[in-house]
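For reference, the chains in residue letters:
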Amino acid sequence: MNVLLVILLILTAISALGVVFSAQTIYSALSLVLTVGLLAVVFLVLNAQFLFVVQLIVYAGAVMVLFVFIIALLDPAAEDRPRLLDLRLILGVLAVAALCTAVFIAARNNVTYDTSCTNQAVTCMHGYTVGSLAATGDSTADPFHTFGFPQNAVNQAGNVQTVANQLFHTYVLPFEITSLLLLVAAVGAVYLTRRVAVGPRRDPQAEQRWKDELVEGAE
Amino acid sequence: MLSQAMFPWLLLTAAFLFTLGALGVLIRRNPLVVFMCIELMLNAVNLALVGYSSYLNSEEGQVFAFMVIVVAAAEVVVGLGLLTRVFSIGRELDVDDLDEMKQ
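Quick caveat: nothing in here was measured; it's all calculated off a predicted structure.

Looking now at unusual backbone geometry. Residues and elements named next belong to chain A. Located in the positive-phi region is Asn47, a residue other than glycine, with phi close to 70°. Tracing the chain through its elements places Asn47 in the loop between helix 2 (25-45) and helix 3 (49-74). Classification of Asn47 as buried rests on a count of 21 C-beta atoms within 10 Å.

We now examine the interface of chain A and chain B. Each partner contributes residues to the interface: chain A has 76 residues there, and chain B has 66 residues. With 13 residues, helix 3 of chain A is the single largest residue contributor to the side of chain A that touches chain B. A breakdown of the residues in the side of chain A that touches chain B according to their chemical character gives 56 nonpolar, 19 polar and 1 charged.

Let us look at the packing of helix 3 of chain A against helix 3 (residues 60-88) of chain B. The geometry of helix 3 of chain A relative to helix 3 of chain B is characterised by a closest axis approach of 11 Å and an angle of 10° between their N-to-C directions. As the angle between them shows, helix 3 of chain A and helix 3 of chain B are arranged roughly parallel. Only Gln62, Ala65, Phe66, Ile69, Ala72, Ala73, Val76, Leu80, Leu83, Thr84 and Phe87 of chain B of helix 3 of chain B make contact with helix 3 of chain A, whose side of the interface consists of Phe50, Leu51, Val54, Gln55, Val58, Ala62, Val63, Leu66, Ile70, Leu73 and Leu74 of chain A.

It is worth spelling out the nonpolar core at this point. By size, the foremost hydrophobic cluster in this structure holds 72 residues, and its most contacted members are Phe43 and Leu51 of chain A together with Ala14, Leu17, Met36, Leu40 and Leu47 of chain B. Of all the secondary-structure elements, those providing two or more residues to this core are helix 1 (2-21), helix 2, helix 3, helix 4 (87-110) and helix 8 (172-192) of chain A together with helix 1 (7-27), helix 2 (31-55) and helix 3 of chain B. Counting residues per element, this core draws most heavily on helix 2 of chain B, at 14 residues. In terms of domain composition, this core takes at least three residues from each of domain 1 (1-81) and domain 2 (158-194) of chain A.

What follows deals with the environment of His169 of chain A. All names here are of chain A. Residue placement: His169 occurs in helix 7 (residues 159-170). The class of His169 is partly exposed, set by 13 C-beta atoms lying within 10 Å. When the C-alpha atoms of His169 and Val36 are compared, they prove to be 29 Å apart, with 133 residues separating the residues in sequence.

Next up on the list: the domain arrangement of chain A. Examined at the domain level, chain A breaks down into domain 1 (1-81) and domain 2 (158-194). Between domain 1 of chain A and domain 2 of chain A, the C-alpha centre-to-centre distance is 23 Å.

The rules behind the values
Residues numbered from 1 in each chain as written. Chains lettered and ligands numbered in written order. Predicted model: local features only at pLDDT ≥ 70, side-chain atom pairs only at ≥ 80, totals over all residues. Helix = DSSP H or I, 4+ residues; strand = E, 2+ residues; numbered from the N terminus. Buried ≥ 20, exposed ≤ 12 C-beta atoms within 10 Å, placed from the backbone. Contact = placed C-beta atoms within 7 Å. Nonpolar A, V, L, I, M, F, W, Y, C, P; charged D, E, K, R; others polar. Axes fitted to C-alpha atoms, helices over the stretch in contact; angles between N-to-C directions. Parallel < 35°, antiparallel > 145°, perpendicular 65-115°, else oblique. Core = buried A, V, L, I, M, F, W, Y, C linked by C-beta atoms within 7 Å. Domains from an automatic or database assignment.

What follows is the structure in structure tokens.
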């Protein structure tokens, strides 16, 4: 499983490079489709089956189709290479380097995050305990030994059931608010893309040609 | 589920994807690619959330990743609607040109 995960992570990183550094917009979009699909497989390997399906349906199915549709509609030209020694490019690279350092330091520090106390404290409101560290007893000597891979206490009832239990019990209010967010987004998109009344949308030459044909047909 | 040896690599990949997305937002000029890079950053956060969820043996990370996916879908809808509007009034799609808000 580790080998599979390493291969998937490397492929994801390579295809993400393609998103940023492709000159053609459609190649960026296709690289992003690949990245999203590979991340879905990573979710599957990490035992998040529900998110695997959601990622494929929502991202690869809906969002990326929308992107490709908009690219076909707008037909953007290929972008020039970013100018080297541009002030904005230098500032951008510096900002990203600072961000990168901060994120890597944070990631390094969180690797030693102590799981033995938090997992005992996190108990679901509806009866079952999240995490099985408390039951193993030997958690101080090796706090990670329950994470060996056939056993996964979270998914014993099934991943969809577990996630749904959280969504509809503990996080039911945020879940309902997301439906409001989607409604607002849909109304906003309809408002933004409505036909604008001002300005000539008709082609005067085509109209004249149509009138001429009418006259010729009458004669 | 996730072994201790693999977890740092997963986090580092998430950090790499996030910084790559941030770099793309800053250096690319096509707003469509900028939106794609934002999607990349959101996906990196999702990867970190699911990785933590698997590592800490808790499903709450998956719930938050689900929320992030919903927000990303809403963001794409509004953003692409804005882009079609900008295009329909005859402007070129270049984030360096669309700077009226600065003035």
